Amino acid sequence: MRRLRWMGLFIALAGFGVAAGAFLPASHATVGAAHAKSVTIKVTAREFSYSLSRRSVPVGTTVTFKVTNKGKISHNFVIAGKKTKTLNPGQSATLTVKFAKKGQIKYLCSLPGHAAAGMKGKFAVGVTAVKPPPTTTPSTTTRTTVPPTTTGSVGTAKTTVTVNMVEYAFQLSQTSIPSGQVTFVVNNKGAEVHNFDVNGVKSGALLAPGASETWTVSLAPGQYLFTCDVPFHVDRGMTGTFNVTP
């Protein structure tokens, strides 16, 4: 009888051990899940700054940056070796980064001139966030328009000129145009926002990639300068001249 009682006790203890083993992994999994961190941070891009809904996280946090371009020209967002595609006005994209080390992590817009104009900052991981840099106005937005050098009166010709815009150049179907009514068919075939500005005559609209516009102007004989008004694009080569002949 005593032997039977000991065997029953042994079986009960063994059963308890199995049950405890079964519950232990679940308990550890629950603790591990509690330590997992993930957040979504909204990033708004404009000319020429970013605003972040949150500028610091603890070490070990996985952050999904939801980046939206609310500016008038193209921007992107680069952080921790990752970057979004070039975002045209109104477009959004996401980046997911796990921050495993403490420190101030730099972020910026990698399009030419944008970081220098203020589109940069530091994201704090496990440390105190720093104040973002002040927004600056790039000098290219206040450049002087060069009026055309013209001679004589407007002629009677009617000409259509196709203008294709890419990064960072204009492609004109002709650069010698008879004086008169000139219709420009302007196409943005690039990946960024551009425009076509005949200085002192007409500044075309900012066109998103794939967009087009057509406008007609009267041109007297002379030399005309054309540019892209988007900041820093002239510095990259988006300028040139065409001649209007009598």
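What counts and how
Residues numbered from 1 in each chain as written. Predicted model: local features only at pLDDT ≥ 70, side-chain atom pairs only at ≥ 80, totals over all residues. Heavy atoms only, no water. Buried < 20%, exposed > 50% of the residue type's maximum accessible area, 1.4 Å probe, protein only. Helix = DSSP H or I, 4+ residues; strand = E, 2+ residues; numbered from the N terminus. Pairing = 2+ DSSP bridges. Core = buried A, V, L, I, M, F, W, Y, C linked by side-chain atoms within 4.5 Å. Contact = heavy atoms within 4.5 Å. pLDDT = per-residue confidence, 0-100. Axes fitted to C-alpha atoms, helices over the stretch in contact; angles between N-to-C directions. Phe/Tyr/Trp six-rings, centres within 6.5 Å; stacked < 30°, edge-to-face > 60°. Lys NZ or Arg CZ within 6 Å of the ring centre and 35° of its normal.

Enquirer: Before we go on, may I ask you to explain the pairing of strand 14 (residues 180–188) in this structure?
Expert: It is a general feature of regular strands that their side chains alternate between the two faces of the sheet. Of all nine residues making up strand 14, seven are buried, and the element is well covered by its neighbours. Pairing of strand 11 (residues 157–166) with strand 14, which is carried by nine bridges, proceeds in the parallel orientation. Residue pairing for strand 14: K158 is matched across the bridge by Q181. Here strand 14 runs beside strand 17 (residues 212–219); their pairing, made up of eight bridges, is antiparallel. From the neighbouring strand, Q181 faces strand 17, where its bridge partner is S218.

Enquirer: Could you clarify how one ought to interpret the nonpolar core in this entry?
Expert: One recurring pattern in soluble globular proteins: nonpolar side chains tend to sit buried together. Core analysis: the largest hydrophobic core is formed by 51 residues, its most contacted members being F65, F123, F184, F196 and F242. Ranked by the residues each element gives to this core, the list is headed by strand 7 (residues 92–99), at four residues. Excluding anything up to four places from it in sequence, F184 contacts V161, V163, F196, V198, E213, T214, W215, V217, L219 and F242.

Enquirer: What exactly am I supposed to notice about the confidence of the model for the protein here?
Expert: Caution is warranted with low-pLDDT regions, since their predicted coordinates should not be read in detail. Looking at the protein as a whole, the pLDDT averages 86, with 80% of positions reaching at least 70. When the criterion is pLDDT under 50, residues 16–34 qualifies, and its contacts beyond four places in sequence or with other chains add up to zero contacts.

Enquirer: Is there a simple way to think about the sheet that holds strand 1 (residues 37–46) in this case?
Expert: Sheet strands pair by backbone hydrogen bonding; their relative direction is either parallel or antiparallel. The sheet built from four strands is open, its strands ordered 2-1-4-7 with mixed pairing. A strand with exactly one partner marks an edge of an open sheet, and here the two such strands are strand 2 (49–52) and strand 7. Direction aside, neighbouring strands of the sheet carry axes that sit 25° apart on average.

Enquirer: Would you take a moment to explain the environment of K101 for this structure?
Expert: Inspection of the secondary structure assignment puts K101 in the loop between strand 7 and strand 8 (103–108). Along the sequence, K101 and P58 sit 43 residues apart, while their C-alpha atoms lie 9.3 Å from each other. Setting aside residues up to four positions removed in sequence, K101 forms contacts with V59 and V125.

Enquirer: Before we go on, may I ask you to explain the sheet that holds strand 5 (residues 78–79) in this structure?
Expert: Strand order in the open sheet formed by five strands is 3-9-8-5-6, with mixed pairing between adjacent strands. Both edges of this open sheet fall to strand 3 (56–57) and strand 6 (82–83), since each of them pairs with a single strand only. In this sheet, strand 9 (residues 120–125) lies alongside strand 3 in parallel orientation, the contact comprising two bridges. Of the residues in strand 9, the one forming a bridge with V57 is V125.

Enquirer: Explain the environment of P58 here, please?
Expert: Assignment of secondary structure puts P58 in the loop between strand 3 and strand 4 (61–69). Since its relative accessible area comes to 36%, P58 is described here as partly exposed. When the C-alpha atoms of P58 and K37 are compared, they prove to be 8.5 Å apart, with 21 residues separating the residues in sequence. Not counting the four nearest positions on each side in its chain, P58 is found in contact with K37, V125 and G126.

Enquirer: Can you help me understand the packing of aromatic side chains in this one?
Expert: Pairs of aromatic rings are described using the distance from one ring centre to the other and the angle between the two planes. With the rule as written, the count across this model stands at 17 aromatic pairs. Their ring planes at 75° and their centres at 5.8 Å tell us that Y50 and Y107 sit as a pair that is edge-to-face. Taken together, the positions of Y50 in strand 2 and Y107 in strand 8 put the pair 57 residues apart, joining distant regions of the chain. The exposure class assigned to Y50 is buried, which follows from its relative accessible area of 10%. On the basis of an interplanar angle of 40° and a centroid distance of 5.3 Å, the ring pair of F99 and F123 is categorised as tilted. Here F99 is found in strand 7, whereas its partner F123 is found in strand 9, with 24 residues between them in sequence. A connected cluster of aromatic rings, assembled from ring pairs, spans F170, F184, F196, W215, Y224, F226 and F242. When the ring centre of W215 is taken as origin, the NZ or CZ atom of K202, which lies over that ring, is 5.6 Å away.

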